[in-house]
Structure formats: C-alpha cells, structure tokens
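# Examination of the molecular architecture
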Amino acid sequence: MGKSTVLVTGGCGFIGSHIVETLVQKSYRVRILDNLSTGKLENIASISKQDIDLLIGDVADLSTVEEAMQGCEYVFHEAAIASVPKSVNDPIGTGKVNYGGTLNVLEAARKHSIRRVVFAGSAAVYGSEPTLPKQESMAANPITPYGVDKLGSELMGHFYARTLGVEFVCLRYFNVFGLRQDPSSPYSGAISIFCDRIRQGLAPVIYGDGLQSRDFVHVSDVVKANLIVLEHPQATGKSFNVGCGVATSLLDITNILNDLTGQNLQAIHQEPRPGDIRHSLADNTTLRTLGWSPQISIRQGLAELLQTSVANLKVKK
Ligand code: UD1
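Keep in mind the model is a prediction, meaning the values are calculated, not measured. (Residues numbered from 1 in each chain as written. Predicted model: local features only at pLDDT ≥ 70, side-chain atom pairs only at ≥ 80, totals over all residues. Heavy atoms only, no water.)

### Structural notes on the pairing of strand E2 (residues 29-34)
With respect to burial, E2 is a largely interior element, five of its six residues being buried. Pairing between strand E1 (residues 5-9) and E2: five bridges, direction parallel. Within E2, the position partnered with Leu 7 by the bridge is Arg 31. Read from E1 through helix H1 (residues 14-25) to E2, the crossover connection turns out right-handed. The pairing of E2 with strand E3 (residues 52-56) spans five bridges and is classified as parallel. By the bridge assignment for E3, Leu 33 is matched with Leu 55. (Buried < 20%, exposed > 50% of the residue type's maximum accessible area, 1.4 Å probe, protein only. Helix = DSSP H or I, 4+ residues; strand = E, 2+ residues; numbered from the N terminus. Pairing = 2+ DSSP bridges. Right-handed = clockwise from strand over helix to strand, strands pointing away.)

The following block contains the structure:
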C-alpha cells in the first residue's frame, strides 16, 4: 500500500482515531487536525508518535485548514460537532463547524490539488420520511441543523467535484458504534451509554417503548468503507449509505446485553425524546458494488465493548 500523506480532520475523535490507526497500519503518513473539543489525545495514544503529525486547530478556520493540508494527497474529513441537540440549540455555532468547516476543507483541497476528499456524511440527511430502507436516490429532507449542515456539505462537495475538479466522496454514516465512543453526554450514542451504565451495574434508560430501531454499524466496518472509497475509480462524485441493512431495536440491544452478561436488567422507560425518528435502516447496495460488506454483527460488536470496558464481567461468546 501507498506512502501518501493523508489528512484526517477530527483524527482524535471516535471515528477519526480508528481511521488514523488503520492508515498507519497500512503505512500511510498521517496528519491529524483536531481542536480536541470532543476528540481526546488518549484516542491516539496507542499509535506511535513517529507515525503521525498532530496539528491542534479548528476546521472552522480556513488558514488552519490550509496549513494542515500542506503536503497531503488525500483528506478524510471527520471533524464535526456530532450532537444533533446541540445543533438545535446553537445552529450558528454548529453550522460554522459542520458546514463552514467542510467548505474550508473543500476550498483548501482545491488550492492544494488534493487527490480526493472523503467526507463523513450522515443518515440524518434523510430526516423523518418513513420509507425504508433508505436509498441514496431518495429525497433528502433533514429536520435538524445538523442534518441540514451535513446535506449542505455533501452538495457543496459534489459541486466541487463536478465543477472545480476536486474528487469528493460522501459516506452517509448510520448509527456508528464501537470502542472509544464517548458515553459522557446524554446525547452520546445509545450503545455507548448503555454499556457505560452496565459497567456501573445500572439498567439502560430507554426513551419511549424501546421498539424504535436503528441500523447500527461497527466502526471497523465504517473504516473499511472509508479505505475502499479513498482510491476507487467509481466512488468519486457519489454519496453512499454506510449501514448494515439490519434493523435493531433498543429492546433488542438490551436483550443482547443481558444475554452476553448473564444478567436480567430491566430497561427503565422514560418519555420519548422529542424529534426522535422511529426507524432508520440503510439500503447498502451501492456500497456493496464497490466490494464492501459489513463484517461485525451487533452481537459481536457489543461483546467486544463489554469485554473491553466492563472489568470482571463474564461475557458469553
Ligand atoms: C445518530 C447519531 C447522529 C446521526 C444519526 C443518523 C449519535 C450520538 N447520534 O442519532 O449523529 O445523525 O444517528 O442516523 O451517534 N436512546 C435511549 N436511551 C439512551 C440514549 C438514546 O433510549 O440512553 C434512544 C434515543 O432516544 C433514540 C435511539 O436511542 O431513539 C438512538 O439514539 P442515538 O444513539 O442518540 O442516535 P440517533 O438519534 O439515531
């Protein structure tokens, strides 16, 4: 594999740090741009300092992004404020990062003749229209500033690809889970919160009846998707769903966690979360045409999380 230099924005974050780790294993040179707002140095602590070049700074600042891109051939743009409720409370602040940051990345990519930008898009662009599974060709209709910024970013990326010659790929992530997902905010991913509670011997809290479902995709499968589209000749100018195509309800998650740990924790039900969509499910046919398929089931991924994060807990295989 190549020795190109790759910039990973948000490389100290949950998904970005996994991308960095894999790039280093594949002998790419890696530069990280991260403002450490939610990213953490400990996420990249296991990677040798010789293999990465860390720039602490903000994607919302164009000159910082231009500096970070010096000498790079490819960019994975993962930096974002991932909290949907935060975007609702502060559309301007989150928009500066989530949309403005992407625009900066695209403009700097044009100036630096970057070979390809791979962008962390989101299933949030589909909004709450109920037709399932979601296909990329379906109308996007985001219902939060977060989703609007992700959609604006991908449309702008496609404009840069079409008209300004910057190769661009958008990956629409569904519900990504795995090691290093931070459970500390009430708006963190449900799985990271559930595992954190189990570590403390507490039952999961479910907003609503627990029959709402999501397409949970393991972070290692998300990394694989990123690596495939980095150089694939048929990927540029396109958006791809990144989900397993399997619907799992929150009650299913609770049952699997109980089964894996031999417990019988009863979820605590609270009021449904306003704005929550009921079901989300990916049609991943398009990404499969590039040779991708998900490798880690929800059960395997949950077992890994429990084994790593819950000391002294017996986890069934
Ligand atoms: C997730 C992403 C979001 C992305 C969207 C795209 C996270 C944190 N959010 O949102 O960035 O735009 O997918 O599909 O990854 N829940 C509980 N108990 C909890 C936590 C959550 O019942 O302790 C429920 C929520 O109310 C929701 C479901 O679990 O019904 C999933 O919530 P969450 O993990 O926050 O993800 P999304 O809202 O789907």
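After that view, the rundown keeps rolling.
### Some points on the domain arrangement of the protein chain
It is common to report an interface's size as the accessible area lost on association of the parts. We note that the domain assignment places domain 1 (5-175 + 218-242) and domain 2 (177-215 + 245-309) within the protein chain. Between the C-alpha centres of domain 1 and domain 2 there is a distance of 23 Å. The partner domain 2 presents 28 residues to the 32 residues of domain 1 that form the contact. Summing both partners gives a buried area of about 2700 Å² for domain 1 against domain 2, and 61% of it is carried by carbon and sulfur. Together, Phe 14, Asn 175 and His 218 form the three largest contributors to the area buried by domain 1 at its contact with domain 2, with a combined 24%. For the interface between domain 1 and domain 2, the tally reads two salt bridges. For Arg 180, the salt bridge goes to Glu 21, with nearest N and O atoms at 3.6 Å. Our count for the domain 1 to domain 2 interface comes out at 15 residue pairs in polar contact (both at pLDDT 80 or more). For the side of domain 1 that touches domain 2, the secondary structure elements donating two or more residues are H1, helix H8 (219-231) and strand E11 (238-242). With seven residues, the single largest contributor to the side of domain 1 that touches domain 2 is H8. Of the residues in the side of domain 1 that touches domain 2, the class split is 13 nonpolar, 13 polar and six charged. (Domains from an automatic or database assignment. Contact = heavy atoms within 4.5 Å. Buried area = accessible area lost by both parts, 1.4 Å probe. Salt bridge = Lys/Arg side-chain N within 4 Å of Asp/Glu carboxyl O. Polar contact = N/O pair within 3.5 Å; in protein donor to acceptor, adjacent residues only side chain to side chain. Nonpolar A, V, L, I, M, F, W, Y, C, P; charged D, E, K, R; others polar.)

### Digging into the nonpolar core
In this structure, Leu 23, Tyr 173, Val 229 and Val 242 are the most contacted members of the largest nonpolar core, which totals 38 residues. Of all the elements in the fold, those that place two or more residues in this core are E1, H1, E2, strand E4 (74-77), strand E5 (116-122), strand E6 (168-173), H8 and E11. Tallying contributions element by element places H8 first for this core, with seven residues. Of the domains in this structure, domain 1 (5-175 + 218-242) and domain 2 (177-215 + 245-309) are the two that each give at least three residues to this core. Setting aside residues no more than four positions away along its own chain, Tyr 173 makes contact with Ile 15, Ile 19, Glu 78, Ala 120, Gly 121, Ser 122, Ala 123, Val 222, Asn 226 and Val 242. (Core = buried A, V, L, I, M, F, W, Y, C linked by side-chain atoms within 4.5 Å.)

### Considering the environment of Ala 120
Within the secondary structure, Ala 120 is located in strand E5. Here Ala 120 is in contact with His 77, Glu 78, Lys 150, Leu 171 and Tyr 173, once residues within four sequence places are set aside.

### Overview of the site of the ligand
If you check the shell around the ligand, you find 20 residues, and the closest are Ala 190, Val 205, Tyr 207, Arg 214 and Asp 276. One of the backbone N or O atoms of Ala 82 is found 3.5 Å from an oxygen atom in the ligand. In the environment of the ligand, an oxygen atom lies 2.8 Å from a nitrogen or oxygen atom belonging to the backbone of Tyr 207. If the ligand stood free it would expose 740 Å²; the protein chains cover 89% of that surface. Residue assignment for the shell around the ligand shows that the elements contributing at least two residues are helix H7 (190-199) and strand E8 (205-207). (Near = heavy atom within 4 Å. Areas by Shrake-Rupley, 256 points an atom, 1.4 Å probe, with all protein chains shown as cover.)

### Considerations on the pattern of salt bridges
Here the structure, examined in full by the defined rule, presents 12 salt bridges. The residue Arg 278 makes a salt bridge to Asp 209 at a minimum N-O spacing of 2.9 Å. Placement of Arg 278 in the loop between strand E13 (268-270) and helix H10 (285-288) and of Asp 209 in the loop between E8 and strand E9 (213-214) is noted, with a sequence separation of 69 residues between them. Judged by relative accessible area, which is 41%, Arg 278 ranks as partly exposed. Taking relative accessible area as the criterion, Asp 209 reaches 35% and is therefore assigned partly exposed.

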